[in-house]
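Spelled out, the chains give:
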Amino acid sequence: MDAIVAEGLRKRYRKTVALDGLSFTFPAGRVSGFLGPNGAGKTTTFRSLLGLTKPDAGSMEVLGMSVRDRLPEIVKRLGAIVEEPGLVKGLSGRDNLVVAARTLGRGHERIDDLLEFSGLGSEGGRRIDGYSKGMRQRLALAASLLGDPELLILDEPLDGLDPAGQAQIKDSLRELANQGKTVIVSSHNLSDVEAMADHVVVINKGRLLAAGDLAPLLGSFRSGYTVEIDEPETAAAVLTEAGIAAVVEGNLLAVSTDDGAAIARALAAAEMFPRQLARRSGRLEELFLSLTEGDR
């Protein structure tokens, strides 16, 4: 079952195309990473899913309901951190959660547990204008969980946290997925996403670049080399003729062999010389760079 289904989303802001026929799904009950460089369209997508902006075209379903037709019902069943958390600086952390619970109409009984969950149990009585950025981020996460949502949409939830705090929140988000909740995380820290997500959607320029379970995506990318070279199509043909599997990925070559010297020899024989010959380690960061560099 999919928690979110988007089809053909389009959104233009004057001269900027934010979403360009974007379609994707996020599976239910799992942690998914939503990835893309700055300006890729991630925030516009989140704002569209939350009803904060209206796409020019396309359709969206969240938890089996149309965003266009049933947004009030959807909002009651999700929690979100998008852009700057809306916190009242003159209040304590606990009082911020009390205000949020009153606005939501529920969740008062969860405040103490959520302060502990977010690592703020001993800091709940402090005014948040004395909180660090990481502490405010923890409080925003606690606020997003007040209504015990089925779906969490989190934009940079680890921003400002120290390594210990990051590890705690990553474990907590995985535990939420183990409880059957759906967690969608957008982050520029790809190692964090790799550590907690088992599904990813990668976009750029408002278009889908890749989507799927993380392990198979990295598995197809794990061994071999990335080659940066002029005329990559010609180079791929040269390598294929030499019995070395190679495919063009944007402006780069993905070569499926562990023998870097063989790549260099085959290309040199055709008087082709790479600008870069880099080993692929099968990490999410390499997959992301390969996809986005080829989509400039």
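What you are looking at is a predicted structure, and each value in this text was computed from that prediction instead of being measured.

1. Topic: the environment of glutamate 73
With respect to the secondary-structure elements, glutamate 73 resides in helix H2 (residues 67-76). Residue class for glutamate 73 comes out partly exposed when judged on its relative accessible area of 37%. Placed 19 residues apart in sequence, glutamate 73 and serine 92 show a C-alpha to C-alpha distance of 30 Å. A polar contact of 2.9 Å, which involves the side chain of glutamate 73, links it to the side chain of arginine 70.

2. Observations regarding the confidence of the model for the protein chain
Per-residue pLDDT for the protein chain has a mean of 89; in total, 96% of the residues score no lower than 70. Per-element confidence in the protein chain ranges from a low mean pLDDT of 78 for helix H11 (residues 284-293) to a high of 97 for strand E4 (residues 57-62).

3. Observations concerning the sheet that holds strand E1 (residues 2-13)
Taken in spatial order, the four strands line up as E2-E1-E4-E5 in an open sheet, and their pairing is antiparallel. What marks the edges here is a single partner per strand, and that holds for strand E2 (16-27) and strand E5 (65-66). Where E1 lies against E2, nine bridges are found, and the strand directions are antiparallel. Note on E2: the bridge partner recorded for aspartate 2 is proline 27. Running over the sheet, helix H1 (residues 42-49) touches E1, E2 and E4 and is turned about 65° from E2.

4. So, the side chain of threonine 45
Inspection of the secondary structure puts threonine 45 in helix H1. Taking the relative accessible area as the measure of exposure, threonine 45 reaches 1% and is therefore buried.

5. Section: the layout of surface pockets
Counted as a void, the largest pocket has a volume near 700 Å³. Those elements that place two or more of their residues in the lining of the largest pocket are H2, strand E6 (78-81), helix H3 (93-104) and helix H5 (133-144). If you tally residues by element for the lining of the largest pocket, the top one is H3, at six residues. Partitioned by chemical class, the residues of the lining of the largest pocket number 19 nonpolar, six polar and four charged.

6. Describing the sheet that holds strand E12 (residues 246-249)
As summarised here, the arrangement of the four strands in space is E12-E13-E11-E14, forming an open sheet in which the pairing is antiparallel. The sheet is open, and its two borders are formed by E12 and strand E14 (276-279), each paired with just one other strand. Recorded for the sheet is a direction-independent mean angle of 25° between the axes of neighbouring strands. Here four bridges tie strand E11 (residues 225-228) to strand E13 (residues 252-255), and the two strands are oriented antiparallel to one another. Within the sheet, the bridge partner assigned to glutamate 228 lies in E13 and is leucine 252. Strand contacts of helix H10 (residues 260-269): E11, E13 and E14, with the helix running at about 30° to E11, the strand carrying the most contacts.

7. Looking at the nonpolar core
With 41 residues, the main nonpolar core has Leu35, Leu154, Leu173 and Val183 as its most contacted residues. Ignoring anything within four residues of it in the chain, the contact list for leucine 173 reads Val31, Leu141, Leu154, Val183, Val185 and Met196. Of all hydrophobic cores here, the second largest spans 26 residues; its members include Leu9, Leu63, Leu151 and Ile153.

8. Concerning H1
For H1, the tally of buried residues reaches six of eight residues, placing the bulk of the element in the interior. Taken as a whole, H1 has its buried residues at Lys42, Thr44, Thr45, Phe46, Ser48 and Leu49. Directly after H1, the chain includes glycine 51, whose backbone phi takes a positive value near 75°.

9. Some points on the packing of aromatic side chains
Here the structure, examined in full by the defined rule, presents four aromatic pairs. With 5.8 Å between their ring centres and 35° between their planes, phenylalanine 24 and phenylalanine 34 make a pair best called tilted. Pair noted here: phenylalanine 24 is in strand E2 and phenylalanine 34 is in strand E3 (residues 31-35), with a separation of ten residues, a long-range link. Of the residues examined, phenylalanine 34 reaches a relative accessible area of 0% and is grouped as buried. Here the aromatic residues Phe24, Phe26, Phe34 and Phe46 are joined through ring pairs into a cluster of three or more.

10. Comments concerning the packing of H3 against H5
Interhelical geometry of H3 versus H5 gives an angle of 30° and a closest axis separation of 10 Å. By the angle between their axes, H3 is roughly parallel relative to H5. Crossing handedness for the pair H3 and H5: right-handed. In this structure, H3 contributes Gly93, Asn96 and Leu97 to the contact, and H5 contributes Leu139, Ala142 and Ala143.

11. What about the packing of helix H9 (residues 232-241) against H10?
In contact at an axis separation of 9 Å, H9 and H10 are set at 110° when each is read in the N-to-C sense. On the basis of their axis angle, the class for H9 and H10 is roughly perpendicular. For the pair H9 and H10, the sense of crossing is right-handed. Two secondary-structure elements touch here, H9 through Ala235, Val238 and Leu239 and H10 through Ile263, Ala266 and Leu267. Grouping the constituent residues of the contact of H9 with H10 by class yields six nonpolar, no polar and no charged.

Scoring rules and cut-offs
Residues numbered from 1 in each chain as written. Predicted model: local features only at pLDDT ≥ 70, side-chain atom pairs only at ≥ 80, totals over all residues. Heavy atoms only, no water. Helix = DSSP H or I, 4+ residues; strand = E, 2+ residues; numbered from the N terminus. Buried < 20%, exposed > 50% of the residue type's maximum accessible area, 1.4 Å probe, protein only. Polar contact = N/O pair within 3.5 Å; in protein donor to acceptor, adjacent residues only side chain to side chain. pLDDT = per-residue confidence, 0-100. Pairing = 2+ DSSP bridges. Contact = heavy atoms within 4.5 Å. Axes fitted to C-alpha atoms, helices over the stretch in contact; angles between N-to-C directions. 1 Å grid on protein atoms, 1.4 Å probe; cavity = no way out; pocket = protein on both sides within 12 Å on 5 of 7 lines; lining within 4 Å. Points joined across faces, edges and corners; volume = space filled by probe spheres on them. Nonpolar A, V, L, I, M, F, W, Y, C, P; charged D, E, K, R; others polar. Core = buried A, V, L, I, M, F, W, Y, C linked by side-chain atoms within 4.5 Å. Phe/Tyr/Trp six-rings, centres within 6.5 Å; stacked < 30°, edge-to-face > 60°. Parallel < 35°, antiparallel > 145°, perpendicular 65-115°, else oblique. Left-handed = near helix turned anticlockwise from the far one by under 90°.

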